Amino acid sequence: QVQLVESGGGLVQPGGSLRLSCAASGSILRINAMGWYRQTPGKERELVAVINSGGSTTYADSMKGRFTISRENAQNTVFLRMNSLKPEDTAVYYCNANIALYTNTAFRPYWGQGTQVTVSS
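Before going into details, it helps to say that this report is about the structure given with it.

### What about the overall build of the chain?
Part 1: In terms of regular secondary structure, the chain is built from 0 helices and 11 strands.
Part 2: Compactness check: the chain gives a C-alpha radius of gyration of 14 Å against a globular reference of 14 Å for 121 residues, within 12% of the reference.
Part 3: Per-residue burial for the chain yields a buried fraction of 39% across its 121 residues.
Part 4: Partitioning the contacts of the chain with sequence separation of at least 6, the portion at a separation of at least 24 is 56%.
Part 5: Total accessible area on the chain stands at roughly 6500 Å², and carbon and sulfur atoms take up 45% of it.
Part 6: Each charge class in the chain can be summarised by its mean position, and for the 11 positive and 7 negative side chains these summaries are 5 Å apart.

Pasting the structure below:
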């Protein structure tokens, strides 16, 4: 079975930075796309950024120029560097990965439990 473990969340002042990480483990055959999503109370979960297996990236408009997604394939790890943080960035951030297993070679999405990011003075 697959497990995604996130880390790096916390409290930061407006304008500050955080770096999130997410490591996938299990009987993993291959990981295609990996990404970050976030959710706040009363809102739907929204895309933050996604990176495919070839390194191409996609960002939500509000994150462009501030957030950077990257990955280390050998470690099955995805990162999110967040700069110039704003109070409206406060949310639970969830790691997502599209993974095929040795026991089931069809790709399917897996989710981490989330890590809290709070931007406040």
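Back to the text.
### Overview of the side chain of D89
Part 1: Following the sequence through the fold, D89 ends up in the loop between β8 (77–82) and β9 (91–101).
Part 2: You can call D89 buried: its relative accessible area is 1%.
Part 3: Within the local environment of D89, its side chain forms a polar contact with the side chain of R38, the two groups lying 2.9 Å apart.

### Regarding the environment of I28
Part 1: Following the sequence through the fold, I28 ends up in strand β4 (residues 28–39).
Part 2: Look at I28 and you get buried, because its relative accessible area is 11%.
Part 3: As a C-alpha pair, I28 and N98 span 70 residues in sequence and 11 Å in three-dimensional space.
Part 4: Once you skip the residues sitting within four places of it in the chain, I28 turns out to touch V2, N76, I99, A100, L101 and Y102.

### Details of the packing of aromatic side chains
Part 1: Scanning the model with the defined rule gives 1 aromatic pair in all.
Part 2: Here Y37 and W111 contribute two aromatic rings whose centre-to-centre distance is 5.0 Å and whose plane-to-plane angle is 65°, an arrangement assigned as edge-to-face. With Y37 in strand β4 and W111 in strand β10 (residues 108–111), this pair connects stretches of sequence that are 74 residues apart.
Part 3: Since its relative accessible area comes to 37%, W111 is described here as partly exposed.
Part 4: Taking NZ or CZ as reference, R19 lies 4.1 Å from the ring centre of F79, over its face.

Parameters and conventions
- Residues numbered from 1 in each chain as written.
- Predicted model: local features only at pLDDT ≥ 70, side-chain atom pairs only at ≥ 80, totals over all residues.
- Heavy atoms only, no water.
- Helix = DSSP H or I, 4+ residues; strand = E, 2+ residues; numbered from the N terminus.
- Rg over C-alpha atoms; globule rule 2.2 N^0.38 Å.
- Buried < 20%, exposed > 50% of the residue type's maximum accessible area, 1.4 Å probe, protein only.
- Contact = heavy atoms within 4.5 Å.
- Areas by Shrake-Rupley, 256 points an atom, 1.4 Å probe, with all protein chains shown as cover.
- Lys, Arg positive; Asp, Glu negative; His and termini not counted.
- Charge placed at Lys NZ, Arg CZ, Asp CG, Glu CD.
- Polar contact = N/O pair within 3.5 Å; in protein donor to acceptor, adjacent residues only side chain to side chain.
- Phe/Tyr/Trp six-rings, centres within 6.5 Å; stacked < 30°, edge-to-face > 60°.
- Lys NZ or Arg CZ within 6 Å of the ring centre and 35° of its normal.

Read these as geometric descriptors, not functional statements.
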